[in-house]
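Report on the structure
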Amino acid sequence: MDGMHDLGGRQGFGKVGFAPKASPFQASWEKRTYALRTMAGQLGVYNIDEYRHAVERMDPRHSVSASYYERVITAIATLLVEKGVTTKAELEAIAGGGFALSHPSAAGRTNAPDRKSFQRGERVRVRNDFVPGHIRLPGYIRGKTGIVMYEGPLTPFPDAHAHGLEAADEPTYDVQFRSEDLWPGGAEAAVIHVAVFQSYLEAVA
Amino acid sequence: MASQQAPNAPMEQRLAAVERVLEVRAHDKGLSVEHTMEWQEENLLAENGAKVVARAWSDPAFRERLLADGKAAIAEFGIGLPAIQRQVYVLENTPAVHNVIVCTLCSCTATTLIGPPPNWYEDLEYRARVVREARTVLQEMGCPVAPETEIRVWDTTADTRFMVLPMQPPETIGWPADKLASIVTRDSLIGVGRPSVAGD
């Protein structure tokens, strides 16, 4: 889905709120949430792709105004409700107030049936795919051409894995793009490396 | 939608509610948030990445192994990767190339080498801007890159992780490993800072 989470290359933002050696956690509940997320993952109620998609499915207004760790809690709670571990009413009763959850999921998809293997140095094009469900493709490379640098480890196909569909493992390719190809006339010169799932790529004719 | 929703409970209470509904399942599996926090405090440390960098600076054979297969090389230090993190690429900075890491889609990080990501790494500005205007962003963050140096931005969109191998300050050549490790900051492992020699 073309959601608010897909931030690469969006314009209009101010300076990064950077401080050297900044703490990862702004409050003790954030640190606890970080641990809870790991522990909840180990319970096996949901997988990492379902988790990422639950973050992406937050209402856009909620998503951009929430802190990172509010997004974490919202995603975990959404999945616990969707998986039948609890209900929104129970969460709200315990929390003593509202508990906004993410929107329901749209359809996922399985691995591309015609996916191909690529060699180091090969030019590839990112398929012009638009999907309503989970995808680990940043919008800024869609339809763009780059060069395969490495073949990465086999990983379950996220577009299926986030939706309870059969997800075959497939390689992710490290693909190198030039910023001037991604944003012609609209970016500073740089080389951009993106890890791209095999199903997202096609050979350049 | 927000319009039909009671105002959200404070974050601490929403966290407590999620913890409560997972309590029995966690107990049955011998898991707890406290134990997980302790494990994270001891294992998710930028000091791990710093140790690896110090060794790479002083041991050319290790540096070669590290650049060829990051996961195998960090295992020599007893450092692992969480199950979903399948490989780690170590990105070598040189006078010609400066590497910097981001996750534009969420906040993926090589946590056992870099630690939990800092707040700014998870925030909208860094994720939106660094892929498109890296030189300006790095300048703003106090890490200017020479005009003749190519910037490579690595977007963590799959379950391969990245760590930058910063350049060793020449005045530190010959230092012992622990002293070398002490100058390697977390920010330099992300590529938004440089090793800080005392007195800088």
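Given the structure is predicted, the values throughout are model-derived calculations rather than measurements.

**Quick look at the overall build of chain A**
Check the secondary structure of chain A and you find seven helices and five strands. Helices (α) and strands (β) of chain A occur, in sequence order from the N terminus, as α-α-α-α-α-β-β-α-β-α-β-β. Along the first, second and third principal axes, the C-alpha set of chain A runs to 60 × 40 × 25 Å. The buried share of chain A, reckoned over its 205 residues, is 44%. Within chain A, counting contacts between residues at least 6 apart in sequence, those at least 24 apart form 69% of the total.

**Some details on helix H3 (residues 46-58) of chain B**
Residues and elements named next belong to chain B. In this model H3 runs 19 Å from its N-terminal to its C-terminal C-alpha over 13 residues, within 8% of the 18 Å that 1.5 Å per residue would give. Among the 13 residues of H3, ten are classified as buried, and the element is accordingly described as predominantly covered. Those residues of H3 not exposed but buried are Ala-46, Asn-48, Gly-49, Ala-50, Lys-51, Val-52, Val-53, Ala-54, Ala-56 and Trp-57. Those residues of H3 that are buried are in contact with helix H4 (60-68), helix H5 (70-75), helix H6 (111-114), strand E4 (160-165), helix H10 (177-182) and helix H11 (186-190).

**Overview of the domain arrangement of chain B**
When its domains are assigned, chain B resolves into domain 1 (10-41) and domain 2 (44-190). If you average the C-alpha positions of domain 1 of chain B and of domain 2 of chain B, the two centres end up 31 Å apart.

**Focus on the sheet that holds strand E2 (residues 97-102) of chain B**
Two orientations exist for strands paired in a sheet by backbone hydrogen bonds: parallel and antiparallel. Overall, mixed pairing links the seven strands, which are arranged E5(A)-E1(A)-E2(A)-E3(A)-E4(A)-E3(B)-E2(B) in an open sheet. At either end of the open sheet lies a strand with only one pairing partner, and these are strand E5 (201-203) of chain A together with E2 of chain B. Direction aside, the axes of adjacent strands within the sheet are offset by 35° on average.

**Quick look at the interface of chain A and chain B**
Of the residues lining the interface, 71 residues belong to chain A; the matching set on chain B comes to 71 residues. Looking at the side of chain A that touches chain B, the elements with two or more residues in it are helix H1 (28-42), helix H2 (48-56), helix H3 (60-65), helix H4 (68-82), helix H5 (88-95), strand E2 (145-156) and strand E4 (191-197) of chain A. In terms of residue count, H1 of chain A provides more of the side of chain A that touches chain B than any other element does, eleven residues in total. Among the residues forming the side of chain A that touches chain B, the class breakdown is 39 nonpolar, 19 polar and 13 charged. Sheet analysis places E4 of chain A next to strand E3 (residues 150-155) of chain B, joined by four bridges and oriented parallel. Opposite His-193 of chain A, over in E3 of chain B, you have Trp-154 of chain B as the bridge partner.

**Here we look at the domain arrangement of chain A**
Residue and element names in this part refer to chain A. Partitioning chain A into structural domains gives domain 1 (1-105) and domain 2 (123-203). Put simply, the middle of domain 1 and the middle of domain 2, counted by C-alpha atoms, are 24 Å apart. Every contact between the two is made by twelve residues of domain 1 and, on the other side, twelve residues of domain 2. In terms of residue class, the side of domain 1 that touches domain 2 is built from one nonpolar, five polar and six charged.

Parameters at a glance
- Residues numbered from 1 in each chain as written.
- Chains lettered and ligands numbered in written order.
- Predicted model: local features only at pLDDT ≥ 70, side-chain atom pairs only at ≥ 80, totals over all residues.
- Helix = DSSP H or I, 4+ residues; strand = E, 2+ residues; numbered from the N terminus.
- Buried ≥ 20, exposed ≤ 12 C-beta atoms within 10 Å, placed from the backbone.
- Contact = placed C-beta atoms within 7 Å.
- Expected span 1.5 Å × (residues − 1).
- Domains from an automatic or database assignment.
- Pairing = 2+ DSSP bridges.
- Axes fitted to C-alpha atoms, helices over the stretch in contact; angles between N-to-C directions.
- Nonpolar A, V, L, I, M, F, W, Y, C, P; charged D, E, K, R; others polar.

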